[in-house]
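Close look at the chain arrangement
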Amino acid sequence: MDLVPWRNKRRRGDRDTGEHPLARLRDEMESVFERFFGNPWGTGRSPLLSPTAAFPQLDLTESDSDLTIRAELPGLRLEDVKLEVSGNCLRITGEKSAEREDQGRDYHYSERQFGAFSRTVQLPAAADPNKVDATYKDGVLTVKIAKHPDAKPKRIKVRNA
Amino acid sequence: MSDTALEKRVMTTDQPERTRSGRTYIPAVDIVEKDDELLLMADVPGAKAEGIDIQYERGELTLTARVDSRQPEQTNWLACEYGVGDFVRTFQVGEGVDAARIEAEVSNGVLTLHLPKAEAAKTRKIAVKTT
């Protein structure tokens, strides 16, 4: 089994030398910005703008009556997660505290994520921020937000004039 | 913290044909060595105790956690940042583990395995006497 974390090694800045030093500097600067802010055509992932870099990762689905947000947060204690609705933003914050108080223990593998996290989701206008229900089961946090009754699709009859 | 570590890893190695379709993911694990046992903790969000299968065969320990889809086939996705599927991972376990006494529990999506060390592999402290 491959235990080395997968990582994309290609960077646009890693070019052959031999160009003019200024050209090389320019390339280097470009690649720094690309790596930081993300390049839509490049291979690197941006730590700031790419949704996949955020933790926890979210699934957002919509049904006729509600919106559902699901996040995988294994090993969380209920008191460590906080949900806030302000305006049309839903904020999920929390801290996954490690069970590893005893730092002296001998770690062979350490892949699981710990620490503070925060995600903010902008709710569509149809969502009713007063009707939010959140549950946590088997390590999956589910947040259901009801839609305004008047946001549900309405059928409009076309009549003969 | 590297950004790629935050993503769920999809199993891509050559695996025998599976009876369940869908992607398989590699759970993130911590393995801690303690005086009398190895402690393995694996993140398997969405898995229930009855869907977890642990097999030990010829020095290989295989964890399989069945995770059912949380959405019906016809779903209106607004954002889909992660995939949902079974977790599978295999470890080589040396002679130092007493396979007969391996124990497992699952709580809040974290699977914990206790792998007791075989008597011969335990660290022994030898007291030094003064004469």
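I will try to describe carefully the structure that is included in this document.

About the criteria used
- Residues numbered from 1 in each chain as written.
- Chains lettered and ligands numbered in written order.
- Predicted model: local features only at pLDDT ≥ 70, side-chain atom pairs only at ≥ 80, totals over all residues.
- Heavy atoms only, no water.
- Helix = DSSP H or I, 4+ residues; strand = E, 2+ residues; numbered from the N terminus.
- Buried < 20%, exposed > 50% of the residue type's maximum accessible area, 1.4 Å probe, protein only.
- Contact = heavy atoms within 4.5 Å.
- Areas by Shrake-Rupley, 256 points an atom, 1.4 Å probe, with all protein chains shown as cover.
- Patch = residues over 30% accessible without salt bridge, like charges linked within 9 Å, V, L, I, M, F, W, Y side chains within 5 Å.
- Salt bridge = Lys/Arg side-chain N within 4 Å of Asp/Glu carboxyl O.
- Core = buried A, V, L, I, M, F, W, Y, C linked by side-chain atoms within 4.5 Å.
- Phe/Tyr/Trp six-rings, centres within 6.5 Å; stacked < 30°, edge-to-face > 60°.
- Lys NZ or Arg CZ within 6 Å of the ring centre and 35° of its normal.
- Pairing = 2+ DSSP bridges.
- Axes fitted to C-alpha atoms, helices over the stretch in contact; angles between N-to-C directions.

**Here we look at the overall build of chain B**
Each helix and strand counted, chain B has zero helices and ten strands in total. For chain B, the N- to C-terminal ordering of α and β elements is β-β-β-β-β-β-β-β-β-β. For chain B, the proportion of its 131 residues judged to be buried stands at 42%. For chain B, the share of sequence-separated contacts (at least 6 apart) that also reach a separation of at least 24 residues comes to 53%. A total accessible area of about 8,100 Å² is found for chain B, and carbon and sulfur atoms account for 47% of it.

**Some details on the environment of Ile-102 of chain B**
Residues and elements named next belong to chain B. Tracing the backbone through its elements, the reader meets Ile-102 in the loop between strand E8 (86–92) and strand E9 (103–107). Sequence-wise, Ile-102 and Leu-115 are 13 residues apart; in three dimensions their C-alpha atoms are separated by 4.9 Å. Sequence-distant contacts of Ile-102, that is, excluding residues within four places in its chain, are made with Tyr-56, Leu-61, Val-97, Leu-113, His-114, Leu-115 and Pro-116.

**Examining the environment of Asn-88 of chain A**
All names here are of chain A. Mapped onto the elements, Asn-88 comes out in the loop between strand E3 (81–86) and strand E4 (89–96). Between the alpha carbons of Asn-88 and Leu-123 there is a distance of 5.3 Å; along the sequence they are 35 residues apart. Residue contacts for Asn-88: discarding those within four places in its chain leaves Val-121, Gln-122 and Leu-123.

**Re a nonpolar patch on the surface**
All names here are of chain A. Together, Leu-22, Leu-25 and Met-29 line one region of the surface with nonpolar side chains, adding up to about 310 Å² of accessible area. Within the secondary structure layout, Met-29 lies in helix H1 (residues 21–37). When its relative accessible area of 42% is taken as the criterion, Met-29 is described as partly exposed.

**Structural notes on the nonpolar core**
The biggest cluster of nonpolar side chains holds 20 residues, and the ones touching the most others in it are Leu-40, Leu-63, Leu-111 and Leu-113 of chain B. Mapped onto this core, the elements with two or more residues apiece are strand E3 (29–33), strand E4 (37–43), strand E6 (60–65), E8 and strand E10 (110–116) of chain B. Residue contacts for Leu-113 of chain B: discarding those within four places in its chain leaves Leu-38, Leu-39, Leu-40, Ile-54, Leu-61, Leu-63, Ile-102, Glu-103 and Ala-104 of chain B. Membership of the second largest hydrophobic core comes to 18 residues, among which are Phe-117, Val-121, Ala-127 and Val-143 of chain A.

**Observations concerning the packing of aromatic side chains**
Under the definition given, this model contains two aromatic pairs over all chains. On the basis of an interplanar angle of 65 degrees and a centroid distance of 6.0 Å, the ring pair of Tyr-109 of chain A and Phe-91 of chain B is categorised as edge-to-face. Placement of the pair is Tyr-109 of chain A in strand E5 (residues 106–110) and Phe-91 of chain B in strand E8, with the two residues belonging to separate chains. Note on Phe-91 of chain B: relative accessible area 6%, which makes it buried. With centroids separated by 6.4 Å and ring planes inclined at 55 degrees, the aromatic side chains of Tyr-25 of chain B and Phe-87 of chain B adopt a geometry described as tilted. With a gap of 62 residues between them, Tyr-25 of chain B in strand E2 (residues 24–26) and Phe-87 of chain B in strand E8 connect regions that are remote in the sequence. For the pair formed by Tyr-25 of chain B and Phe-87 of chain B, the shared burial category is buried. Sitting over the face of the ring of Phe-114 of chain A, Lys-96 of chain A holds its NZ or CZ atom 5.2 Å from the ring centroid.

**Digging into the sheet that holds E3 of chain A**
All names here are of chain A. As summarised here, the arrangement of the three strands in space is E3-E4-E6, forming an open sheet in which the pairing is antiparallel. Single-partner strands in this sheet number two, and they are E3 and strand E6 (115–122). Averaged over all pairs of adjacent strands, the angle between their axes in this sheet comes to 15 degrees, without regard to strand direction. Strand direction decides the pairing type here: E4 and E6, joined by eight bridges, are antiparallel. Within E6, the residue paired with Gly-94 across the bridge is Phe-117.

So, to be careful, I would describe these as geometric facts and stop short of saying anything about function.
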